[in-house]
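Listed here are the chains, written in short residue letters.
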Amino acid sequence: MIRTMNSLSSSMFPFLFLFLFSFSWLASADRHEDFLQCLHSQNLNSLSKVVYTPINSSYSYVLQFSLRNGRFNTSATPKPLVIVTPLNVAHIQAAITFSQKHGLQIRVRGGGHDYEGLSYVAVIPFVVIDLINMRTVTVDVANKTAWVQGGATLGEVYYRIAEKSRTLAFPAGVCPTVGVGGHISGGGTGMIMRKYGLAVDHIIDAQLIDVKGRILDRASMGEDLFWAIRGGGGNTFGVVVAWKLELVPIPASVTVFNVTRILMKEDATKLIHQWQYAIEKFDEDLFSRIFIWRSANSTQDGKPMIQAAFTSLFLGGVDRLVSYMQQSFPELGLVKEDCIEMRWIESTVYFAQFPRNTSLEVLLNRNPRPTIFFKGKTDFVKEPIPKTALEGIWERLEQVEAESAELQFTAYGGKMNEIAESSTPFPHRAGTLYQIHYGISWDEEGIEAYAKYISWMRRLYSYMAPYVSKNPRQAYVNYRDLDLGVNNLGNTSYRQASIWGTKYFKNNFDRLVRVKTAVDPTNFFRNEQSIPPLSSWLLNIATSDLADENFLQCLLNHSQPSYPISSAIYTPNNDSYSSVLQSYIRNLRFNMSTTPKPLLILTALHASHVQAAIICARERNFQMKIRSGGHDYEGVSYVSDVPFFVLDMFNLRSIDVDVASETAWVETGATLGEVYYRISEKSKTHGFPAGVCPTVGVGGHFGGGGYGNMMRKYGLTVDNIIDAKMVDVNGRLLDRESMGEDLFWAITGGGGSSFGVVLAYKINIVRVPEVVTVFRVRRTVEQNATDIVEQWQQVAYNLEDDPFH
Ligand SMILES: Cc1cc2nc3c(=O)[nH]c(=O)nc-3n(C[C@H](O)[C@H](O)[C@H](O)COP(=O)(O)OP(=O)(O)OC[C@H]3O[C@@H](n4cnc5c(N)ncnc54)[C@H](O)[C@@H]3O)c2cc1C
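Residues numbered from 1 in each chain as written. Predicted model: local features only at pLDDT ≥ 70, side-chain atom pairs only at ≥ 80, totals over all residues. Heavy atoms only, no water.

### As for the confidence of the model for the chain
Taken as a whole, the chain shows an average pLDDT of 90; of its residues, 91% reach a score of 70 or greater. For residues 1–28, every residue scores under 50 in pLDDT, and the model assigns this stretch 41 contacts once sequence neighbours within four places are set aside. (pLDDT = per-residue confidence, 0-100. Contact = heavy atoms within 4.5 Å.)

### Structural notes on the domain arrangement of the chain
Along its sequence, the chain is carved into domain 1 (2–133), domain 2 (137–249), domain 3 (254–342 + 370–467), domain 4 (485–534), domain 5 (539–648) and domain 6 (655–767). Domain 1 puts 14 residues into the contact, and the matching count from domain 4 is 8 residues. Together domain 1 and domain 4 conceal approximately 1000 Å² of surface at their shared face, both sides included; 71% is due to carbon and sulfur atoms. Scanning the region where domain 1 abuts domain 4 turns up 1 salt bridge. Close ionic contact of arginine 107 with glutamate 528 constitutes a salt bridge, the shortest N to O distance being 3.2 Å. There are 1 residue pair in polar contact (both at pLDDT 80 or more) connecting domain 1 and domain 4. Elements that contribute at least two residues to the side of domain 1 that touches domain 4 include exactly helix H5 (89–101) and strand S3 (105–109). Per-class residue counts for the side of domain 1 that touches domain 4 are 9 nonpolar, 3 polar and 2 charged. (Domains from an automatic or database assignment. Buried area = accessible area lost by both parts, 1.4 Å probe. Salt bridge = Lys/Arg side-chain N within 4 Å of Asp/Glu carboxyl O. Polar contact = N/O pair within 3.5 Å; in protein donor to acceptor, adjacent residues only side chain to side chain. Helix = DSSP H or I, 4+ residues; strand = E, 2+ residues; numbered from the N terminus. Nonpolar A, V, L, I, M, F, W, Y, C, P; charged D, E, K, R; others polar.)

### Re the site of the ligand
Neighbouring the ligand are 30 residues; Val108, Gly110, Ser119, His183 and Tyr476 lie closest to it. Histidine 113 is positioned such that a nitrogen or oxygen atom in its backbone is 3.0 Å from an oxygen atom of the ligand. Contact distances for the ligand include 3.0 Å between a nitrogen atom and a backbone N or O atom of asparagine 235. Notes on the ligand: free accessible area 950 Å², of which the protein chains cover 92%. Elements that contribute at least two residues to the shell around the ligand include exactly S3, helix H7 (180–186) and strand S10 (239–246). Per-element tally for the shell around the ligand: the top contributor is H7, with 3 residues. Of the residues in the shell around the ligand, the class split is 10 nonpolar, 17 polar and 3 charged. Taken domain by domain, the shell around the ligand gets at least three of its residues from each of domain 1 (2–133) and domain 2 (137–249). (Near = heavy atom within 4 Å. Areas by Shrake-Rupley, 256 points an atom, 1.4 Å probe, with all protein chains shown as cover.)

### Some remarks on empty space enclosed by the protein
Taken as a whole, this structure holds 6 cavities of 30 Å³ or more when the rule is applied. In this structure, the second largest cavity occupies an estimated 90 Å³ of space. Taken together, 13 residues make up the lining of the second largest cavity; nearest its centre are Tyr158, Gly173, Met191, Trp344 and Thr348. If you tally residues by element for the lining of the second largest cavity, the top one is helix H12 (residues 344–351), at 4 residues. Residues of the lining of the second largest cavity, tallied by class, amount to 10 nonpolar, 3 polar and no charged. (1 Å grid on protein atoms, 1.4 Å probe; cavity = no way out; pocket = protein on both sides within 12 Å on 5 of 7 lines; lining within 4 Å. Points joined across faces, edges and corners; volume = space filled by probe spheres on them.)

### Details of the sheet that holds strand S5 (residues 137–140)
Reading across the sheet, the 5 strands line up as S5-S6-S10-S8-S9 and stay open at both edges, with antiparallel pairing between neighbours. The open sheet terminates on both sides in strands that have one partner only, identified here as S5 and strand S9 (215–216). Pairing between S5 and strand S6 (residues 145–149): 4 bridges, direction antiparallel. Bridge pairing in S6 links aspartate 140 to threonine 145. The sheet contacts of helix H9 (residues 218–229) involve strand S8 (203–209), S9 and S10, and relative to S8 the element is tilted by about 105 degrees. (Pairing = 2+ DSSP bridges. Axes fitted to C-alpha atoms, helices over the stretch in contact; angles between N-to-C directions.)

### Considerations on the nonpolar core
Counting 130 residues, the largest nonpolar core has Trp243, Phe310, Leu397 and Phe409 as the members making the most contacts within it. For this core, the leading source of residues is helix H15 (residues 447–464), giving 10 residues. Setting aside residues up to four positions removed in sequence, phenylalanine 409 forms contacts with Ile272, Trp275, Ser288, Arg289, Ile290, Ile292, Leu390, Ile393, Tyr434, Gln435 and Ile436. Formed by 27 residues, the second largest nonpolar core is a distinct cluster that contains Leu555, Ala568, Cys616 and Phe622. (Core = buried A, V, L, I, M, F, W, Y, C linked by side-chain atoms within 4.5 Å. Buried < 20%, exposed > 50% of the residue type's maximum accessible area, 1.4 Å probe, protein only.)

### Concerning the sheet that holds strand S20 (residues 600–603)
Strand order in the open sheet formed by 4 strands is S19-S20-S22-S21, and the pairing between neighbours is mixed. Each edge of the open sheet is held by one strand with a lone partner, namely strand S19 (569–570) and strand S21 (623–627). Across 5 bridges, the pairing between S21 and strand S22 (residues 644–648) is parallel. Within S22, the position partnered with glutamine 623 by the bridge is phenylalanine 644. Here helix H21 (residues 607–620) sits on the sheet in contact with S20, S21 and S22, set at roughly 165 degrees to S22.

### Side note on the packing of aromatic side chains
We describe a pair of aromatic rings using the distance from one ring centre to the other and the angle between the two ring planes. Applying the stated rule across the entire model yields 27 aromatic pairs. Both rings, one in phenylalanine 688 and one in phenylalanine 702, keep their centres 5.7 Å apart while their planes meet at 35 degrees; by these two values the pair is tilted. Of the two residues, phenylalanine 688 is situated in the loop between strand S25 (686–687) and helix H23 (698–703) and phenylalanine 702 in helix H23; the sequence distance between them amounts to 14 residues. Just as phenylalanine 688 is buried, phenylalanine 702 falls in that class too. The structure contains a cluster of three or more aromatic residues connected by ring pairs, namely Tyr115, Phe374, Phe426, Tyr476 and Tyr479. Here the basic side chain of arginine 473 rests over the ring of tyrosine 461, its NZ or CZ set 3.6 Å away from the ring centre. (Phe/Tyr/Trp six-rings, centres within 6.5 Å; stacked < 30°, edge-to-face > 60°. Lys NZ or Arg CZ within 6 Å of the ring centre and 35° of its normal.)

### Overview of the pattern of salt bridges
Applying the stated criterion to the full structure yields 35 salt bridges. A salt bridge links arginine 218 to glutamate 223; the shortest N-O distance between them is 2.8 Å. Judged by relative accessible area, arginine 218 falls into the partly exposed class, the value being 27%. For glutamate 223, a relative accessible area of 43% corresponds to the partly exposed category. Across the pair arginine 678 and glutamate 681 runs a salt bridge whose closest N-O atoms are separated by 3.0 Å. Of the two residues, arginine 678 and glutamate 681 both sit in helix H22 (residues 672–682), 3 residues apart, roughly one turn of that helix. When its relative accessible area of 47% is taken as the criterion, glutamate 681 is described as partly exposed.

### Some thoughts on the state of the cysteines
One pass over the structure, following the stated rule, counts 1 disulfide. The disulfide partner of cysteine 554 is cysteine 616, and the S-S distance across this bridge is 2.1 Å. Disulfide cysteine 554-cysteine 616: torsion about the S-S bond near -95 degrees, hence left-handed. Pair noted here: cysteine 554 is in helix H19 (residues 545–558) and cysteine 616 is in helix H21, with a separation of 62 residues, a long-range link. No difference in accessibility class separates cysteine 554 from cysteine 616, as the two residues are buried. (Disulfide = S-S within 2.5 Å.)

### Section: the UniProt feature "domain: FAD-binding PCMH-type" (unreviewed entry) in the chain
In the numbering used here, UniProt assigns the feature "domain: FAD-binding PCMH-type" (unreviewed entry) to residues 76–250 and 594–768. Taken end to end, residues 76–250 is 27% helix and 25% strand, and its first and last C-alpha atoms sit 47 Å apart. (UniProt positions renumbered as here; feature names shortened; annotations may be inferred.)

### Structural notes on the environment of serine 455
Summarising the element assignment, serine 455 is placed in helix H15. According to the relative accessible area criterion, serine 455 is partly exposed, its value standing at 28%. Residues serine 455 and alanine 296 lie 159 residues apart in sequence; the distance between their C-alpha atoms is 22 Å.

### Concerning the packing of helix H6 (residues 154–164) against H12
At their nearest, the axes of H6 and H12 sit 9 Å apart, and the two run at 155 degrees to each other. The pairing of H6 with H12 is recorded here as roughly antiparallel in orientation. When the axes of H6 and H12 are compared, the crossing they make is left-handed. Between H6 and H12, the residues in contact are Tyr158, Tyr159 and Ala162 and Trp344, Ile345 and Thr348, respectively. Here the contact of H6 with H12 is built from residues that sort into 5 nonpolar, 1 polar and no charged. (Parallel < 35°, antiparallel > 145°, perpendicular 65-115°, else oblique. Left-handed = near helix turned anticlockwise from the far one by under 90°.)

### A few points about H12
Most of H12 is tucked away: 6 of the 8 residues are buried. Looking at the buried positions of H12, the neighbouring elements they touch are H6, strand S7 (168–169), strand S12 (254–263), strand S14 (303–314) and strand S15 (339–342). Following H12 by one or two positions, glutamine 353 has its phi on the positive side, about 70 degrees.

Now the structure itself:
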């Protein structure tokens, strides 16, 4: 299975092997017994009836019952060692204890609709807690609330509400078999979101079992955790046993329509383009969605036509709706005959695409449907997409792989605009015009089909980039998409997770990380896209004054008192910390609020400071980043995924030129500009062959080779280095002789930061004419630039040594 192979980089195989090896006992029938043993010891014999291991004849049936995506139902899909279908909280607590004891991962399953199968697939040994037996829904009409257990489906919730009231509803998703466990954990958009917002906007209490097995409610878990579980994604903070819903008023009769148009491409462009402007003005009582796919039967010039189904739920009567639509979106041509008035509960059956007059009991049916292979993605649109871009979509829908592809455009606005982005982890609120859902399904088995369809979807997604939200390109966590990035099998850094985390949660990601760190610091509840905690090590160092003080003390102990090191240290408490850090950041990609920052910056004033830094960093297993000019393309001289400090060399920048011997000692904190300047101060006929940008630092540039305008005459920078002073990993001060030729060779081109800290290089300065000649000539394509470049390739290599082009 591709997903599995992608998730396992080769470097993880040893880890996985060890892991599997240590659990080899679990691959035998003993695991069943062992689990039961664990339950006996907790007086939970009743649970033995709801434990399934591969030796049970019902194991496959139970596993597949709530499995909704055929991509994760192949023989190669990893299977759980144990499935538990608890009847009560004690069973869940036992499953957590068992999994912790044996180092197994837990996957909680509600309705099993996770787009990437994360509730029943993991690449390391795991247990599924399937909440299918815990799905009671208790509706309190008087208080307009309901308690629903985590294993209930949306259909069950809607049905039970309607059993008790015609005028109460709950704003959540469309598909009745979606489970409240996962759905509400990720947000929950649906047909009345423009009136009431999301499911999470109407959760007023919850019951959660945390990593310690405690049962918490809103009061005992606190507002931070309560905030996080309402949209921060499932399987991250604990097992949600039940949600308390605040029910919303609904008219006794609502109106629906589903108008399908088969359109020439130009007409599809026009109509959908107009829809984008119409929805901005839509009343919040009106929900609007378009399903777009290519027609199976109708063609235009031999190519498929576009089919668009305009679907709406209106919280009012048919007459008001029709007159309203004729004013706000006349282009659709909606007439009374297109519309049906019905009860809200009937509309849930209607939108689930059951035939008219299907019994409401269908909402209680969670029987498995035949599974298809499926992949989905989402985007958020902030401004109407231009017509040319829509035409590009139609072209892609014509491609052969797009036979079963479908796009859904769902209007946002209304109440969604009024709820603050930070009120729940779901951040896609004001400013979102509509959401795009891309879906593709297929029924051919095998990796080739998988690659073909998924690649089509990725191409479309990439095509859409200019027309949708940016920085970050937002996505909806409930339409999970592992293409956005995944956690490592071991620790995942904040920086890595923030790549997908900020797409799902924008700035709320930071708060989610803080909550996760506080409630589950060992990251027990996890999956490929759960929120990672800050590593406990980072946390300890970042928060413990004592740890910092120890480090500072170590620096003091190892540096020369005549050069007080304390004046060279900057911690985040210092006013100058940010300006010191930023003064040598040359790439804004690494100057963002999410960029990890050093716990300390040491601007060394003397070689003994560098020695102290190395010794103390080693002692404390603290990563050191060495910065001279800060021009590293990937910011590696001042950013790290693990706790680190920066040894900044900018105070060590003296340059000592000796014209008589045609040499110079150059400290590595100097810049190329300073080197050139100091040489020219002493001689008009000497220079040095190095890079062009004057602010590039000697440390990194010389350490990596160094080429510039005189390379054709004198070779690279490193070809002109004759000695060096460095501090090695043991804090020893070495020169060329004492380090030996091997190490000297390595530090002249092998890349910075790999072999120690170079304090200074001794260089041969080279002879240059007193006057040189330069030119810079520009040519446009009209002025024959193409031919000139072509010619240049032929002649440049053979020019004399002196000209540099
Ligand atoms: C056909 C279809 C239609 C959909 N329609 C909509 C829609 O209209 N609106 C919308 O917003 N979304 C919709 N979704 C997306 C859906 O909301 C998410 O896939 C949701 O996460 C599914 O919840 P689940 O319980 O069915 O899935 P599961 O696969 O069981 O769970 C999803 C995630 O939540 C975790 N989880 C489940 N239960 C719990 C629990 N009790 N405690 C802690 N973690 C838990 C799981 O481990 C997993 O990580 C749809 C999905 C499908 C496949």
